[in-house]
Amino acid sequence: LEDFTERVLSAYPSASFVVEPKIDGLSVSLEYRNGRLIRGSTRGNGDVGEEITENLKTIRSIPQRIPENISFLEVRGEVYMPRQVFLNLLKEQELKGEKTFKNPRNAAAGSLRQKDAKITEQRNLDIFVFNVQQYDGPEELVSHKHSIDYLAQLGFHTIPSCVPCKTIKECEAEIQKIGEERYALPFDIDGAVIKTDNLQFRRSLGSTAKFPRWAIAYKYPPEERQTKLLDVEIGVGRTGVLTPTAVFEPVLVAGSVIGRATLHNQDFINEKGIRIGDTITIRKAGDVIPEVVNVISHETEGEPFRIPDRCPSCGGPVTREPGEAAVRCNNPSCPAQLLRILIHFCSKAGMDIDGLGESVLELLLEQKLVQNPADIYNLTKEDLISLDRMGEKSASNLLTAIAKSKQNDLSMLLSAFGIRHVGDKAAKVLADSFGSMEALEQATAEEITAVDGFGEISARSVTEFFRRPETKELLSRLRAAGVNMTSKKKAPSDLRFAGKTFVITGTLSRYKRTEAQALIERHGGKCAGSVSRKTDYLLAGDAAGSKLEKAKTLGVPVLSEEEFEMLLK
C-alpha cells in the first residue's frame with residue numbers, strides 16, 4: 001500500500017484516494033447507447049468476455065433505461081448473491097440431493113451463466129456498480145467519487161461505501177474499518193480496493209497488461225479458530241449418500257457462532273486424520289461455509305473415524321462404487337431418503353406441485369398418509385384437512401395442483417424420479433428421444449447411449465432404475481392414477497433445418513431470443529450456446545460481440561434477421 005500511494009503521489013502530489021469494499025462476485029460490464037441497455041458481458045480475460053445480456057436483464061437493480069441524452073455509457077459492476085439467498089439455495093440443493101455450490105461467488109457465477117434466463121431470475125442476484133469505463137454524456141465526470149454519485153442518481157445500485165482519503169493513514173484506517181464490519185454485511189467481500197480519485201490522473205497512470213496502475217487491492221486473511229471435535233453425525237441424502245458432519249464445541253468464527261461442519265466423505269476424513277476428541281482448526285470457506293482445516297492434536301486413545309458399514313436410518317448395508325468417494329445406502333425404502341425424495345418429486349425441478357412443500361410433506365409422513373410418490377395422487381380433502389393449519393380452501397387448492405400435475409410432460413415425471421446422473425435437461429432429452437415411458441422402460445443401455453449427450457454411466461443408471469421391482473410398482477400406480485407418461489413434443493412442421501446447429505447472439509429486433517430458438521427447433525434444427533466448427537449458422541442481432549468475431553474467424557455463415565426470415569420463407 002505504501003509503495004502504491006508513494007508511486008501515485010510522486011507523479012501527482014495533489015492526488016487523493018478512495019477506499020471501497022471489494023465485493024466477492026462476478027465482474028460484468030454493462031453498455032448503454034442513447035439511454036438503452038444494449039449489452040451485458042462478463043469481464044473474461046479483460047479484453048474479450050462472454051455476452052450474457054438476457055441473464056443480466058433479470059437482475060432488478062440493473063436499469064434497462066437511463067436518460068437518452070447519454071450517448072454512450074459503459075460501467076463495470078460486481079454481480080453477487082446475498083448471503084441469505086445463498087444459504088436458502090444451499091438448503092434447497094441439499095434437500096434435493098443436488099451438488100451444492102461452494103460459496104456465494106460460485107453460485108452467482110453459475111447462476112449468471114445459465115442458458116435459461118428464467119433460472120437466473122429465480123436466483124435473486126444483485127449487483128454493485130463500482131466504475132465508469134466509458135462515458136459520453138452531458139455532465140463532466142472529474143473524480144471517481146463524483147462518477148459513483150452520478151451513477152446512483154441515474155438509478156444504478158452503486159458500491160455501498162466509497163470513502164475519500166487524502167493520506168495513507170486515512171486509507172489504512174478505512175481498510176481496518178471495512179475489515180471489522182465485513183461479517184455484519186449481508187453480502188461477501190474478499191478485501192478492500194484503494195483507487196486514485198482524480199480521473200485525469202488515472203488516464204495518465206494507465207495500466208499494465210493485467211492490472212491498473214491507479215488502483216490496488218487489499219485481501220483480508222480468513223479468520224480461523226480452534227475447538228474440540230465432540231462427535232461425527234451421519235446423515236442420509238435423497239440419493240442414499242451417507243454424509244459425515246463434524247459436531248464440535250461452538251465457536252465464534254467470521255461473525256457467527258458455529259458448531260457443525262461437513263466432513264464430505266471418508267477420503268476427506270482419512271486425509272485429515274480425524275478422530276473424535278481431536279483439537280481442530282475451523283474456518284468459513286468464502287467466509288460462509290464452515291469447514292475443518294486441520295487437526296492440531298489427537299486425544300489419547302482416540303480411534304480414526306470410519307463411516308459405518310450399515311445405514312444409520314434403515315440398518316441396511318452400504319456400498320462404495322469404484323471411482324466414487326461417496327458411501328451409499330441402496331435401500332429405496334430407507335426412511336431418511338423418503339422425505340428428500342418426496343420434496344424433489346414435488347419441486348419445480350420435478351412435477352411442480354404448488355403448495356406441496358417440505359412442511360406439508362413432513363406432516364403427511366408423520367400421519368403416514370404418504371409413503372411413496374404415488375400416494376400423493378390418492379390424497380383426499382379429508383386427508384389434507386386433518387393436517388395442522390390446513391383449511392378447506394388450502395386443501396382444495398392443493399388437490400387442484402396435484403390433479404394439474406397429472407398432465408405434465410413425460411420429461412417432468414422423469415426429472416421428478418431423481419434418477420442418478422439424470423437432471424431436468426437430460427430428462428427432457430430422454431422424453432423427446434423415446435416418446436413414452438413404455439419405450440424408455442424397454443430401452444437398452446446401448447440404445448440410450450446412442451442419444452446425444454448420454455454416456456455409459458448415465459445410460460446404465462437409467463436402465464438399472466427401470467429394472468428395480470419398486471420402480472415397476474411405482475409406474476403401475478402412477479398409470480392407474482392417470483399420470484401422463486408420454487412426451488408432448490410436437491414433430492417439426494418441416495425439416496429444412498434438420499441437422500443444422502444455430503447460435504444466436506446480439507439483440508434481435510423482430511424476435512425474442514426464445515422465439516427465434518423455437519422457430520429453429522420447429523423446423524428441425526437445434527441451438528447451441530457457443531460458436532464452434534460444428535456451428536452451421538450464427539444469427540446476429542445488434543451489438544453482436546465476441547461470438548460474431550469467432551464466427552468470422554471460423555468461416556461460419558452469419559445471418560441477419562432478414563436473411564433468417566428468407567430461410568424460413
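For the structure itself, consult the block above.
Residues numbered from 1 in each chain as written. Predicted model: local features only at pLDDT ≥ 70, side-chain atom pairs only at ≥ 80, totals over all residues. Heavy atoms only, no water.

Peer 1: Before we move on, can you summarise helix α10 (residues 335-346) with the specific residues and values?
Peer 2: In this model α10 runs 17 Å from its N-terminal to its C-terminal C-alpha over twelve residues, within 8% of the 16 Å that 1.5 Å per residue would give. Counting buried positions along α10 yields nine of twelve residues, so the element is predominantly enclosed. Restricting attention to buried positions, one finds in α10 the residues A336, Q337, L338, L339, L342, I343, H344, F345 and C346. Of the surrounding elements, those touching the buried residues of α10 are α3 (83-96), β9 (224-236), β15 (328-329), α11 (358-366) and α14 (410-417). (Helix = DSSP H or I, 4+ residues; strand = E, 2+ residues; numbered from the N terminus. Expected span 1.5 Å × (residues − 1). Buried < 20%, exposed > 50% of the residue type's maximum accessible area, 1.4 Å probe, protein only. Contact = heavy atoms within 4.5 Å.)

Peer 1: Help me get a handle on the pattern of salt bridges, residues and values and all.
Peer 2: Considering all chains together, one arrives at 23 salt bridges under this definition. R83 is the partner of D188 in a salt bridge, and the nearest nitrogen-oxygen pair spans 2.7 Å. With D188 in the loop between α7 (168-181) and β7 (189-196) and R83 in helix α3, this residue pair connects regions lying 105 residues apart in the sequence. Note on accessibility: D188 and R83 belong to one class, buried. (Salt bridge = Lys/Arg side-chain N within 4 Å of Asp/Glu carboxyl O.)

Peer 1: Break down the packing of aromatic side chains for me, with residues and values.
Peer 2: Geometry of an aromatic ring pair is reported as the spacing of the ring centres plus the angle between the planes. Evaluated as defined, the whole model comprises 14 aromatic pairs. Aromatic pair F4 and F17: ring centres 6.0 Å apart, planes at 55°, arrangement tilted. One end of the pair, F4, is in helix α1 (residues 2-11); the other, F17, is in strand β1 (residues 17-23), and 13 residues separate them in sequence. Taken individually, F4 and F17 each receive the classification buried, so the pair is uniform in this respect. For the ring pair F128 and F187, a centre distance of 5.0 Å and an interplane angle of 65° mean the geometry is edge-to-face. With F128 in strand β5 (residues 126-136) and F187 in the loop between α7 and β7, the pair connects residues that are 59 residues apart, well separated along the chain. (Phe/Tyr/Trp six-rings, centres within 6.5 Å; stacked < 30°, edge-to-face > 60°.)

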